[in-house]
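Next come the chains, spelled out residue by residue.
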Amino acid sequence: MTKPAIKPGIEKQIRKVFKRDLMKISDFCQREGIQVMASSPDPNMESYYTTPATRKMSKANFETGGATDAEDLETNLRSLWAVDPCPHFTVLATHVAKIAQSLRAIEGQSSELSQFVYVMY
């Protein structure tokens, strides 16, 4: 089995998006009083569990479709983050889609049997 090929410099690209974009957006949201992520558990909370409004789930609840490619991922992220309490995250969609495209593994063909294949006789 061959090791997946990843474009060079992807780690640098991820760090850049994190420092340049994510931290700035997070800081902005916090200044605006929008909590992006709890920094520690609330000791006064007995439980974080909330009773769901919908008690019965349908098949459609589990079929989101997912992203078929980087452009689809970008569109889905923009839609998801547009309704977020801090919609500034939508600007990350393009950068995250580019990183996802860079991380796409390029597998080479091999005559070697994968360790994940189980053969029964």
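These remarks concern the structure in this document. A quick note: this is a predicted structure, and the numbers were derived from the prediction, not measured. (Residues numbered from 1 in each chain as written. Predicted model: local features only at pLDDT ≥ 70, side-chain atom pairs only at ≥ 80, totals over all residues. Heavy atoms only, no water.)

**Brief notes about the nonpolar core**
Here is a general trend for soluble globular proteins: nonpolar side chains tend to be buried in one another's company. Convention followed: The definition of a nonpolar core used throughout is a set of buried Ala, Val, Leu, Ile, Met, Phe, Trp, Tyr and Cys residues joined through side-chain atoms within 4.5 Å. Exposure is judged per residue with a 1.4 Å probe applied to protein chains only, and the accessible area is read against the type maximum: over 50% gives exposed, under 20% gives buried, and values in between give partly exposed. Only DSSP runs of H or I with at least four residues qualify as helices, and only runs of E with at least two residues qualify as strands; both kinds are numbered from the N terminus onward. For this analysis, residues touch if any pair of their heavy atoms sits within 4.5 Å.
Counting eleven residues, the largest nonpolar core consists of Ile10, Val17, Ile25, Cys29, Leu77, Trp81, Cys86, Phe89, Leu92, Ala93 and Ile99. Counting only elements with at least two residues in this core, the list comes to helix H1 (10–31), helix H2 (70–82) and helix H3 (92–103). Per-element tally for this core: the top contributor is H1, with four residues. Apart from residues no more than four positions distant in its own chain, Ile10 is found in contact with Ile99, Ser102 and Leu103.

**Looking at H2**
Basically, it comes down to this: Given the number of residues in a helix, its expected span is that number minus one, multiplied by 1.5 Å. As used in this structure description, the phrase polar contact means that two N or O atoms lie within 3.5 Å; if the pair is within protein, one of them must be able to donate a hydrogen and the other to accept it, and residues adjacent in sequence are counted only when both atoms belong to side chains.
With 13 residues, H2 ought to run about 18 Å at 1.5 Å a step, and its terminal C-alpha atoms sit 18 Å apart, in line with that. Buried residues belonging to H2 abut H3. Measuring from the side-chain oxygen of the N-cap residue of H2 to the backbone nitrogen of Glu71 gives 3.2 Å; that N-cap residue is Asp69.

**What about the packing of aromatic side chains?**
Selection criterion: Aromatic pairing here means that ring centres of Phe, Tyr or Trp (its six-membered ring) are within 6.5 Å. Orientation follows from the plane angle: under 30 degrees is stacked, over 60 is edge-to-face, and everything else is tilted.
Enumeration according to the criterion identifies one aromatic pair in this entry. With centroids separated by 6.4 Å and ring planes inclined at 50°, the aromatic side chains of Trp81 and Phe89 adopt a geometry described as tilted. Here Trp81 and Phe89 have matching classes, each one buried.

**Examining the pattern of salt bridges**
Proximity of charged atoms lets side chains of opposite charge pair with each other. This is how it is decided: Any carboxyl oxygen of Asp or Glu that lies within 4 Å of a side-chain nitrogen of Lys or Arg is treated as forming a salt bridge with it.
Inspection of every chain in the model, using the stated rule, returns three salt bridges. Residue Asp21 pairs with Arg20 through a salt bridge whose shortest N-O separation is 2.8 Å. Glu74 is the salt-bridge partner of Arg78, the closest N and O atoms lying 3.3 Å from each other. Of this pair, Arg78 and Glu74 both sit in helix H2, four residues apart, which is roughly one turn of the helix. Glu74 gets classed as partly exposed once you look at its relative accessible area, which sits at 22%.

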